[in-house]
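# Summary of the model geometry
Chain by chain, the residues:
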Amino acid sequence: GFHHLSISTLPSTSLVQNFHEHFVYIAVFGPAFFAPFVLYGEMHWTIIGAYLVLFDLINAYGHMNIKYRHPIFTSKYSPFQYLFYTPEFHLGHHAFFRANYALFMPIWDHMFGSWRKYTKTDTDKLLPANKQDFVFIGHNAGLAHFLTCPEWDVYAAYGPFRTFKYLPYSVEFLFCNLVGAFCRLIMSCYTCSRYMINETLIGRVICICRTPIDYIKPSRYPLVNKDIVKLIKSQNKHYGTKCFGLGNLNKMKQVNDGGQLISDMVKADPELKDKDIRVWTGDTMTAASVYHQLSELPGFDTLDSIFFVGANGKIGNAVCKHLLTTKPNLKIRIYSLSHTLDHPNVTYTSDLADLLNHRVVVLGKQLGVRKYSKALAPFRGASSKKQELTPYKCRVILDYTVPYVPIDLTGFHNIEHHQIAVLETSPDSNFLKGHFDIGFGLEQHQIYPCHAGCIINTLYDRKTDEVGEICVKDMMTMWKRGQELGLRNRPLKF
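For the structure given in this document, a descriptive report is provided here.

What counts and how
Residues numbered from 1 in each chain as written. Predicted model: local features only at pLDDT ≥ 70, side-chain atom pairs only at ≥ 80, totals over all residues. Heavy atoms only, no water. 1 Å grid on protein atoms, 1.4 Å probe; cavity = no way out; pocket = protein on both sides within 12 Å on 5 of 7 lines; lining within 4 Å. Points joined across faces, edges and corners; volume = space filled by probe spheres on them. Nonpolar A, V, L, I, M, F, W, Y, C, P; charged D, E, K, R; others polar. Buried < 20%, exposed > 50% of the residue type's maximum accessible area, 1.4 Å probe, protein only. Helix = DSSP H or I, 4+ residues; strand = E, 2+ residues; numbered from the N terminus. Right-handed = clockwise from strand over helix to strand, strands pointing away. Pairing = 2+ DSSP bridges. Axes fitted to C-alpha atoms, helices over the stretch in contact; angles between N-to-C directions. Contact = heavy atoms within 4.5 Å. Parallel < 35°, antiparallel > 145°, perpendicular 65-115°, else oblique. Polar contact = N/O pair within 3.5 Å; in protein donor to acceptor, adjacent residues only side chain to side chain. Salt bridge = Lys/Arg side-chain N within 4 Å of Asp/Glu carboxyl O. Core = buried A, V, L, I, M, F, W, Y, C linked by side-chain atoms within 4.5 Å. Phe/Tyr/Trp six-rings, centres within 6.5 Å; stacked < 30°, edge-to-face > 60°. Lys NZ or Arg CZ within 6 Å of the ring centre and 35° of its normal.

Applying the stated criterion across every chain yields a total of one cavity of 30 Å³ or more. In this structure, the largest cavity spans a volume of roughly 30 Å³. As for the largest cavity, its lining consists of Thr281, Asp283, Thr284, Lys314, Glu466, Val467, Gly468, Glu469 and Ile470. Residue composition of the lining of the largest cavity, grouped by class: two nonpolar, three polar and four charged.

Below, the structure is given as structure tokens:
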């Protein structure tokens, strides 16, 4: 069942079962409810409540994924090794499956010959509890983001953000704004997952209590930046952390000029200016990921043009510059009213529907689902065959915006919309261990390039800030380092 797919368990794993597994659990453990009635002829609701609480607590304890080696449980002369289980014993059941069946009392496995020794070895190289070398500073991204917290819903910790089809964004963001305002009354930030980098360093994701509305209203930008610097100051004070990465909206050009303002504020702060604090966006790795995802497309060598939304952003700008250098005959059509790239192969348009005239479309800026729907509405149901009156050439839309929001392509049967700029690492990799991948709207063992880029900067002990515009020359260096550490672009399935 689904429950036993987990090898690296969490306390919340104890609550995760398939629909049919719930019936098995009820059949096995439900009869215990009637024990007091059978023995004493009476029952009280407090007994049922106490049983449920104790059962869940002990069950969660068995899934804690820790090594507990006190002699009271390990000595062959101690009766407790038979009467009460340890997390390590139950991990053996998840690892071997057909062993260590007893949920609470190992004596049954000893009696029936199903006991099997399991030794947890991945904690032999534990680092100090107060060690924290790098912090990735995140934020809330909406109501669906709340639901990715395992404490709320263990089923949503991985996978795409859930959408609320009939809930307008304005209502969702307003609700999140109220939650954020309440949270700021009692805390300035909340800590998330902690993970190990190359078995020598510790990274952590910490979010400031800011929600989407804080990044929509310009009047709140100074408050966002103030919270970021406050977090940097507190983490440096308590843990000596010097390396910080800015996640998604925390490095918006409108908010702080791509992290440049945060870097300036840190250098001007009396408490931080001499602490060797480094601030990174990780966007160099994102640009490298987007470029390689494009260059690895089938038929890319014969591609004559692409349509680009968001090319004026620093990531899109860097990708376009590198494309124009490595593929000098490629023509780039940019959707924008402002002209920032001056090149004979670059043209601009304000007609979003023009994307249908290009086989490959790249999205690096969120325009809103309704804007795409309005632009494409007149062409829905059109044929992609040249002999038709309303042909279209577009075949694939590559999207590196975060969070990824699918476009309604009803009526365009030959166009595929794919999320790109997502990196993968193997489960047995020494580069990243722990829950670096929870709550980002991605699958297990996947990571956004900006996050990975900041981690690589930490590992290579980069001495300078990575803010503002992207250095195109650094893209290939960063990509090579990522590959050496086992990172790769998530393959596209056409």
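Burial within strand 6 (residues 305-309) is extensive, with five of its five residues counted as buried. With burial as the criterion, each face of strand 6 is covered, one bearing Ser305, Phe307 and Val309 and the other bearing Ile306 and Phe308. Of the crossover connections in this fold, the one passing from strand 6 over helix 15 (residues 314-326) to the parallel strand 7 (residues 331-335) is right-handed.

Within the open sheet, the six strands sit side by side as 8-7-6-9-10-11. Their pairing is parallel. Only two strands of the sheet have a single partner each, and these edge strands are strand 8 (346-349) and strand 11 (416-419). The average undirected angle you get between the axes of adjacent strands in this sheet is 20°. Here strand 6 runs beside strand 9 (residues 360-363); their pairing, made up of four bridges, is parallel. In the strand pairing of strand 9, Ile306 is matched with Val360. In the packing of helix 15 onto the sheet, contacts are made with strand 6, strand 7 and strand 8, and the angle to strand 6 comes to roughly 165°.

Attention shifts here to the sheet that holds strand 4 (residues 243-246). Two strands in a sheet stick together by hydrogen bonds in their backbones, pointing the same way (parallel) or opposite ways (antiparallel). In spatial order, the strands read 5-4-1-3-2-13; together these six strands make up an open sheet with mixed pairing. Of all the strands in the sheet, the pair left with one neighbour each is strand 5 (278-280) and strand 13 (432-434). Strand-to-strand twist across the sheet, computed as the mean angle between neighbouring axes with direction ignored, equals 30°. Of the pairings in the sheet, the one linking strand 2 (residues 189-197) to strand 13 comprises three bridges and is antiparallel in character. Bridging from a neighbouring strand, Met196 pairs with Lys433 of strand 13. In this fold helix 17 (residues 449-459) packs onto strand 1 (134-138), strand 2, strand 3 (201-208), strand 4, strand 5 and strand 13, with an angle of close to 160° to the strand it touches most, strand 1.

With that settled, the discussion passes to the environment of His445. One can find His445 in the loop between strand 13 and strand 14 (446-447). Between the C-alpha atoms of His445 and Asp274, which are 171 residues apart in sequence, the distance is 36 Å. Those residues within four positions of His445 in sequence are excluded, and the remaining contacts are Leu423, Glu424, Thr425, Pro427, Phe436 and Asp437.

A word on the packing of helix 14 (residues 283-295) against helix 18 (residues 472-484). Interaxial distance between helix 14 and helix 18 falls to 8 Å at its minimum, and their mutual angle equals 85°. Taken together, the axes of helix 14 and helix 18 lie roughly perpendicular to each other. Here Thr284, Met285, Ala287, Ala288, Ser289, Tyr291 and His292 of helix 14 lie close against helix 18, whose contacting residues are Asp474, Met475, Met476, Met478, Trp479 and Gly482. Split by residue class, the contact of helix 14 with helix 18 holds eight nonpolar, four polar and one charged.

Turning next to the side chain of Asn65. Mapped onto the elements, Asn65 comes out in the loop between helix 3 (45-62) and helix 4 (71-74). On the basis of relative accessible area, Asn65 is assigned to the buried category, the value being 16%. Of note is the side chain of Asn65, whose polar atom sits 3.4 Å from the backbone oxygen of Thr9. Contact partners of Asn65, with chain neighbours within four places excluded, come to Ser8, Thr9, Pro87, Leu91 and Lys120.

All right, on to the pattern of salt bridges then. For the structure shown, the criterion picks out 16 salt bridges. The partner of Asp354 in a salt bridge is Arg333, with the nearest N and O atoms 2.8 Å apart. Pair noted here: Asp354 is in the loop between strand 8 and strand 9 and Arg333 is in strand 7, with a separation of 21 residues, a long-range link. As a salt-bridge pair, Arg488 and Glu424 come within 3.6 Å of each other at their nearest N and O atoms.

All right, on to the nonpolar core then. Residues Leu294, Phe308, Ile332 and Val360 are the most contacted members of the largest nonpolar core, which totals 60 residues. Leave out the neighbours within four places in its chain, and Val360 touches Leu294, Leu297, Leu303, Ile306, Phe307, Val396 and Leu398. Cys189, Ile228, Val229 and Val266 belong to the second largest nonpolar core, which has 22 residues in total.

Let's shift gears to the side chain of His292. Among the structural elements, His292 can be located in helix 14. Every residue in contact with His292, bar those within four places of it in the chain, is listed here: Met476, Trp479 and Asn489.

The subject of this paragraph is the packing of aromatic side chains. Enumeration according to the criterion identifies 13 aromatic pairs in this entry. Seen from their ring centres, Phe134 and Phe136 are 6.5 Å apart, and the 45° between their planes marks the pair as tilted. The class of Phe134 is buried, set by a relative accessible area of 0%. Take Phe136: its relative accessible area is 3%, and that puts it in the buried class. Against the face of Phe96 rests Arg116, its NZ or CZ located 3.7 Å from the ring centre. The ring of Tyr460 carries Arg481 above its face, with NZ or CZ at 4.2 Å from the centroid.

Note that every value here comes from positions in space, so none of it alone points to a role or purpose.
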